[in-house]
Amino acid sequence: MRTSAETESGAFVSLQAVGEFAGRLSLYDEIERPPAPAAGTAGTKTQDLTHVSVRDDRLTEVPEPSISRTASIVNKLALEAKTELEKLTNINKTVKEAVISKLCAIGELSLRLEETPLPQCGPAHTIIVTSDEKADTADQVTEKVRTAVDSRKRRVCVDRLRKTRDQKVIISCPTQKNIEKISGQLKERKGLKIRQAARKLPLVVIRDVRKENTDEDIVKSIRKQNKHATADLDWSSIEVKVKFRRRAKNDLECHPVLEVSPELWRRLVDAGYVYVGLQRRPVWDQSPQCTQCLGFGHTRKYCMGTAEKCARCGGEHKSQACEKRQNGEPPKCINCSRNKLDDTAHGAFSSECSVRNKWDALARARVSYA
Ligand SMILES: [Zn+2]
Ligand SMILES: [Zn+2]
Ligand SMILES: [Zn+2]
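All values reported here derive from a predicted model rather than from experimental measurement.

*Asks:* Explain the nonpolar core to me, please; I cannot follow it from the model alone.
*Replies:* In summary, soluble globular proteins display a tendency toward joint burial of nonpolar side chains. In this structure, Val 204, Ile 206, Ile 218, Leu 258, Val 260, Leu 264 and Val 274 are the most contacted members of the largest nonpolar core, which totals 18 residues. Once residues within four sequence positions are removed from consideration, Val 204 is found in contact with Pro 256, Val 257, Leu 258, Val 260, Trp 265, Leu 268, Val 269, Val 283, Trp 284 and Gln 286. Core analysis: the next-biggest nonpolar cluster, separate from the first, contains 14 residues, Ala 148, Val 149, Val 156 and Ile 179 among them.

As structure tokens, then:
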């Protein structure tokens, strides 16, 4: 049994820790941004014993705190402080209630921070329908789809049916089973072509890995040598595959690009480094889309934008807090709007986005775009 004095000091230690973490969180933007090279110099170049060639000046070996991980620690501390405070009997009731309600608010805020988006890997349950009849408008294709699919009788659920300007109809369903039912019915209707939208997994790049590691060696290392990132991961549902290797500055090394399941992607990007053979190497998100400004060619870490943009409507707020979504308004893609494209009725991470698809193809191409 603890004495009240011990409990009280425990609560205050927790409270102080919550405050310190929140302070670090507010500095996060600065921590994440690479130091600007001083005028007239070529940036910082560091050397270590395992790697004697000139280093990429953006390369850091120290894992950086991720927002989601920090947020979960803040949440845990807030809850601990709240529990300890609730046990106290020797303090003013009003003060106690006020602090507890603030701790609850901190806990809730940190939960929201934890929800940083996973990269979208394309909806698994989407089909694209086109007509054999070239002259058919999207409306006519939609009509053919409607007459072919008896949704009530066959109990199929459609989340979204959308027409594009190039006479396609895009159908998204909550499950693969629904897609199969619909595809079956559409195939019976002559004159329609059906194709399932490709599902793409997110990419990571491991920097400066020695070339003598085979693709199998690298995958094996990811699985076996990296408990710091992959503890408790259910490998039975995880995919990991070396797609190709980019050339590194050092001829003995390369930058392998891996396609991985979203859950593993999150773990690796959060960890910031992996062990491969006898090396400890930085691992980066290789998706070229920034989760802050939603632009391409850089990641959040190097974003020059100042405010988070909504992936749903392009406004200056977090996607999760989008009022337009709550009001049921259709999405408006910030990138397709910026590029003055006709079809903007999709989110900025959608596999329907033609700007995103262009960049995604580049990221997956063997030739370096950087
Ligand atoms: Zn950006
Ligand atoms: Zn919005
Ligand atoms: Zn778009």
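*Asks:* Help me understand the coordination of the zinc ion (ligand 1), please; the structure alone is not making it clear to me.
*Replies:* Put simply, a metal with four donors set out as a tetrahedron has ideal angles of 109.5 degrees, and one with six donors set out as an octahedron has ideal angles of 90 or 180 degrees. The zinc ion (ligand 1) binds to the protein through Cys 290 (SG), Cys 293 (SG), His 298 (NE2) and Cys 303 (SG); the donor distances cover 2.1 to 2.3 Å. Geometry at the zinc ion (ligand 1) is tetrahedral, judged from the four donor atoms that bind it and their angles of 103 to 117 degrees at the metal. Along the chain, the residues donating to the zinc ion (ligand 1) are arranged with the sequence spacing C-x2-C-x4-H-x4-C. Taken as a pair, Cys 293 in the loop between strand S10 (279-285) and helix H11 (323-326) and Cys 303 in the loop between S10 and H11 lie far apart in primary sequence, 10 residues in all. No difference in accessibility class separates Cys 293 from Cys 303, as the two residues are buried.

*Asks:* Please explain the coordination of the zinc ion (ligand 2) as it appears in this structure.
*Replies:* Protein ligation of the zinc ion (ligand 2) involves Cys 310 (SG), Cys 313 (SG), His 317 (NE2) and Cys 322 (SG), the donor distances falling in the range 2.1 to 2.4 Å. Geometry at the zinc ion (ligand 2) is tetrahedral, judged from its four donor atoms and the angles of 104 to 115 degrees they form at the metal. In primary-sequence terms, the residues that donate to the zinc ion (ligand 2) follow C-x2-C-x3-H-x4-C. Residue Cys 310 is found in the loop between S10 and H11, and its partner Cys 322 is found in the loop between S10 and H11; the two are separated by 12 residues along the sequence. On the accessibility criterion, Cys 310 (0% relative accessible area) is buried.

*Asks:* For this particular structure, what's the right way to read the pattern of salt bridges?
*Replies:* Pairing between side chains becomes possible if they bear opposite charge and their charged atoms approach one another. Enumeration over the complete set of coordinates arrives at 13 salt bridges. Asp 215 is the salt-bridge partner of Arg 245, the closest N and O atoms lying 2.8 Å from each other. One end of the pair, Arg 245, is in strand S7 (residues 240-247); the other, Asp 215, is in helix H8 (residues 215-224), and 30 residues separate them in sequence. Exposure remark for Arg 245: the relative accessible area of 29% places this residue in the partly exposed category. In this structure, the salt-bridge partner of Arg 266 is Asp 270, at a minimum N-O distance of 3.8 Å. Highlighted residues: Arg 266 and Asp 270, both in helix H10 (residues 262-271), separated by four residues, approximately one helical turn. Each member of the pair, Arg 266 together with Asp 270, is buried. Salt bridges sharing partners connect three or more residues here, namely Arg 162, Asp 343 and Glu 352.

*Asks:* Would you mind showing me how to read H8 here?
*Replies:* Residues lying three or four places apart along an α-helix face the same way, a consequence of the helix completing one turn every 3.6 residues. Restricting attention to buried positions, one finds in H8 the residues Ile 218, Val 219, Ser 221 and Ile 222. Each buried residue of H8 lies within a common arc of 155 degrees when the element is viewed along its axis, so the set occupies one face. Residues of H8 that are exposed and angled more than 90 degrees away from the buried face: Glu 216, Lys 220 and Lys 224.

*Asks:* Is there a simple way to think about unusual backbone geometry in this case?
*Replies:* A negative phi holds for most residues other than glycine; trans holds for most peptide bonds. The backbone phi angle of Asp 208 is positive, close to 50 degrees, even though this residue is not glycine. Within the secondary structure layout, Asp 208 lies in the loop between strand S5 (203-206) and strand S6 (209-210). Taking relative accessible area as the criterion, Asp 208 reaches 7% and is therefore assigned buried. In this structure, Asp 232 is a non-glycine residue whose phi angle is positive, near 65 degrees. Checked against the element boundaries, Asp 232 lands in the loop between helix H9 (227-230) and S7.

*Asks:* In this structure, what is going on with the pairing of S7? I would like to understand it.
*Replies:* Inspection of the sheet shows S7 paired to strand S8 (residues 253-260) by seven bridges, in the antiparallel sense. Within S8, the residue paired with Val 240 across the bridge is Val 260. Once S7 ends, the chain turns through five residues before running back antiparallel as S8.

*Asks:* Teacher, can you tell me more about the environment of Lys 76 here?
*Replies:* Here Lys 76 lies in helix H3 (residues 67-87). The class for Lys 76 is exposed, based on a relative accessible area of 53%. Sequence separation between Lys 76 and Gly 107 is 31 residues; the distance between their C-alpha atoms is 7.7 Å.

*Asks:* Looking at this structure, I do not really get helix H7 (residues 176-188). What am I missing?
*Replies:* Between the first and last C-alpha of H7 there are 19 Å, a value that for 13 residues agrees with the 18 Å anticipated at 1.5 Å per step. Residues Asn 178, Ile 179, Ile 182, Ser 183, Gln 185 and Leu 186 constitute the buried set of H7. Down the axis of H7, the buried side of the element spans an arc of 165 degrees, and every buried residue falls inside it. Facing away from the buried side of H7, by more than 90 degrees, are the exposed residues Lys 177, Glu 180, Lys 187 and Glu 188.

*Asks:* Would you mind going over the environment of Asp 150 with me for this structure?
*Replies:* Relative to the helices and strands, Asp 150 is located in the loop between helix H5 (138-148) and helix H6 (151-154). Look at Asp 150 and you get partly exposed, because its relative accessible area is 35%. C-alpha separation for the pair Asp 150 and Ile 182, spaced 32 residues apart in sequence, amounts to 8.8 Å.

*Asks:* Can you walk me through the sheet that holds strand S2 (residues 160-163) in this structure?
*Replies:* The strands that make up a sheet are held in pairs by hydrogen bonds between backbone atoms, and each pair lies either parallel or antiparallel. Strand order in the open sheet formed by four strands is S2-S3-S1-S4, with antiparallel pairing between adjacent strands. Looking at the sheet topology across the chains shown, the edges are occupied by S2 and strand S4 (192-196). Strand-to-strand twist in this sheet, taken as the mean axis angle between neighbours without regard to direction, amounts to 20 degrees. With four bridges joining them, strand S1 (residues 126-131) and strand S3 (residues 169-172) adopt antiparallel strand pairing. Of the residues in S3, the one forming a bridge with Ile 128 is Ile 170.

What counts and what doesn't
Residues numbered from 1 in each chain as written. Chains lettered and ligands numbered in written order. Predicted model: local features only at pLDDT ≥ 70, side-chain atom pairs only at ≥ 80, totals over all residues. Heavy atoms only, no water. Core = buried A, V, L, I, M, F, W, Y, C linked by side-chain atoms within 4.5 Å. Buried < 20%, exposed > 50% of the residue type's maximum accessible area, 1.4 Å probe, protein only. Contact = heavy atoms within 4.5 Å. Donors = N, O, S within 2.8 Å, 3.2 Å for Na, K, Ca; no water. Tetrahedral: all angles 85-135°; square planar, octahedral: opposite > 155°, others 65-115°. Helix = DSSP H or I, 4+ residues; strand = E, 2+ residues; numbered from the N terminus. Salt bridge = Lys/Arg side-chain N within 4 Å of Asp/Glu carboxyl O. Arc of directions from axis to C-beta. Pairing = 2+ DSSP bridges. Expected span 1.5 Å × (residues − 1). Axes fitted to C-alpha atoms, helices over the stretch in contact; angles between N-to-C directions.

Shape is all these values report; function is a separate question.
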